Amino acid sequence: MATIKLEVVSPDQMVYEQDIAMLIVRSTGGELGILPRHAPLVTGLIPHAMRVKLPGEAEEQLIAVSGGFMEVTPEKITVLAGAAEEPLNIDVNRAQQAYDRAKQRIAKFHQGPPESNDIDFKRAELALERAKARLKACKREVA
Ligand code: ATP
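Every value quoted in this text rests on a predicted model; they were computed, and no experiment measured them.

Neighbouring the ligand are the residues Ala83, Glu85, Asn89, Ile90, Asp91, Arg94, Ala95, Arg101, Arg130 and Arg134. Protein contact buries 66% of the 590 Å² of open area that the ligand shows by itself. Counting residues per element, the ones that place at least two in the shell around the ligand are helix H1 (92-110) and helix H2 (121-137). Among the elements that line the shell around the ligand, the one with the most residues is H1, at three residues. Looking at side-chain class alone, the shell around the ligand contains three nonpolar, one polar and six charged residues.

This structure, assessed with the given rule, holds eight salt bridges. Its salt-bridge partner being lysine 76, residue glutamate 7 comes within 3.4 Å of it at the nearest N-O pair. Placement of the pair is glutamate 7 in strand E1 (residues 4-10) and lysine 76 in strand E9 (residues 76-81), with a sequence separation of 69 residues. With relative accessibility at 12%, the residue glutamate 7 sits in the buried group. On the basis of relative accessible area, lysine 76 is assigned to the partly exposed category, the value being 30%. Its salt-bridge partner being glutamate 60, residue arginine 51 comes within 2.9 Å of it at the nearest N-O pair. For arginine 51, a relative accessible area of 28% puts it in the partly exposed group. Glutamate 60 sits in the partly exposed class, given a relative accessible area of 22%. A network of salt bridges, in which partner residues are shared, links Arg51, Lys53 and Glu60.

Right, let's get into the nonpolar core. Ranked by size, the top nonpolar core spans 21 residues in total, and within it Leu6, Val8, Ile20, Leu23, Met70, Ile77 and Val79 carry the most contacts. Those elements giving two or more residues to this core turn out to be E1, strand E2 (13-20), strand E3 (22-27), strand E6 (48-53), strand E7 (61-65), strand E8 (68-72) and E9. Those residues in contact with isoleucine 20 that sit more than four places away from it in its chain are Ala2, Thr3, Ile4, Leu6, Val52, Lys53, Leu54, Pro55 and Ile77. Within the second largest apolar cluster, 16 residues are counted, among which are Leu62, Ile90, Ala102 and Ala131.

The next subject is the pairing of E3. For a regular strand, the rule is simple: side chains alternate between the two faces of the sheet. Two elements, E3 and E6, share three bridges in a ladder whose sense is antiparallel. For isoleucine 24, the partnering residue across the bridge sits in E6 and is arginine 51. Two strands pair when backbone bridges link them, and E3 and strand E4 (residues 30-34) are joined in this way by five bridges, in the antiparallel orientation. The residue bridging valine 25 from the neighbouring strand is leucine 32, located in E4. As consecutive antiparallel partners, E3 and E4 are separated by two residues.

Let us look at the pairing of E6. Here E6 pairs with E7 via five bridges, running antiparallel. Counterpart to alanine 49 in the pairing with E7 is alanine 64.

Moving on, we get to the domain arrangement of the chain. Reports often express the size of an interface as the amount of accessible area lost when the parts come together. Taken domain by domain, the chain holds domain 1 (4-85) and domain 2 (91-137). On a C-alpha basis, the centres of domain 1 and domain 2 stand 25 Å from each other. Across the contact, nine residues belong to domain 1 and six residues belong to domain 2. Here domain 1 meets domain 2 over a buried area of about 610 Å², counting both sides, of which 66% is carbon and sulfur. At the junction of domain 1 with domain 2, the criterion picks out one salt bridge. Residue arginine 134 pairs with glutamate 85 through a salt bridge whose shortest N-O separation is 2.9 Å. Scanning the region where domain 1 abuts domain 2 turns up one residue pair in polar contact (both at pLDDT 80 or more). Among the secondary structure elements, those contributing two or more residues to the side of domain 1 that touches domain 2 are E6 and E7. Per-element tally for the side of domain 1 that touches domain 2: the top contributor is E7, with three residues. Class assignment for the residues of the side of domain 1 that touches domain 2 results in six nonpolar, two polar and one charged.

Conventions and cut-offs
Residue numbers restart at each chain and count upward from 1, following the sequence in its written direction. Where local features are concerned, this predicted model is filtered to residues with pLDDT of at least 70; where side-chain atom pairs are given and counted, the filter is 80 or more; whole-chain, interface and lining totals use all residues. For side-chain calculations, the full set of non-hydrogen atoms in the structure is used, while hydrogens and water are omitted. A molecule or strand has a residue near it when one of that residue's heavy atoms lies within 4 Å. Throughout, the Shrake-Rupley method with a 1.4 Å probe supplies accessible areas, and for residues the shown protein chains are the sole cover considered. A run of DSSP states H or I qualifies as a helix once it reaches four residues; a run of E qualifies as a strand once it reaches two. Both are numbered from the N-terminal end. Think of it as three bins: nonpolar holds Ala, Val, Leu, Ile, Met, Phe, Trp, Tyr, Cys and Pro, charged holds Asp, Glu, Lys and Arg, and polar takes everything else, Gly as well. Each salt bridge in this description consists of a side-chain nitrogen of Lys or Arg and a carboxyl oxygen of Asp or Glu lying within 4 Å of one another. Throughout, exposure labels follow a simple rule: accessible area from a 1.4 Å probe, protein chains only, divided by the maximum for the residue type, with under 20% read as buried, over 50% as exposed, and the rest as partly exposed. What we call a nonpolar core is a set of buried Ala, Val, Leu, Ile, Met, Phe, Trp, Tyr and Cys residues that are connected through their side-chain atoms within 4.5 Å. Residues are treated as being in contact if the distance between any of their heavy atoms lies within 4.5 Å. Being paired, for any two strands, means DSSP has found at least two bridges between them. These domain limits were set by an automatic method or by a database of domain assignments. Buried area adds together the accessible area that both of two parts lose upon being put together, with accessible area traced by a 1.4 Å probe. Pairs of N or O atoms are called polar contacts if they sit within 3.5 Å, as long as, within protein, a hydrogen donor faces a hydrogen acceptor (for residues adjacent in sequence, only side-chain-to-side-chain pairs).

Rendered as structure tokens:
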């Protein structure tokens, strides 16, 4: 079976390196499936759980990414992420706390002044998306 090399790199480490059959990501332009010998491409990624199909394996692997960039050449996919984790390295409680905190901040923002005065809405929204990506990578239910 044809494969393509996937490297997922965060600022402090190589998070994942494997020959894979297919990668499904959420790019800034929508969902993309990358197969071996894909045309060259560079795109931004939004926070989500990437889906990795390995050759000969029915079950997908999930990798949380907090956003970043993906470069595709016919032989290799490179994901440069602000942060990325495989499920084994995700602290689910921490992700759940980040999720709850972001939800509270967003709710406060929607109450309007004075409650919303010190809420950075965009920041809370991005934190929520990162937490959702981590929870999804761990197959937790998220709203
Ligand atoms: P938190 O509010 O819990 O810090 P965050 O979304 O603000 O979450 P990031 O800025 O995306 O965190 O990541 C900072 C560092 O912490 C990265 O190295 C990331 O891999 C790690 N990290 C964040 N959340 C988790 C988690 N739930 N489990 C494991 N590592 C995590």
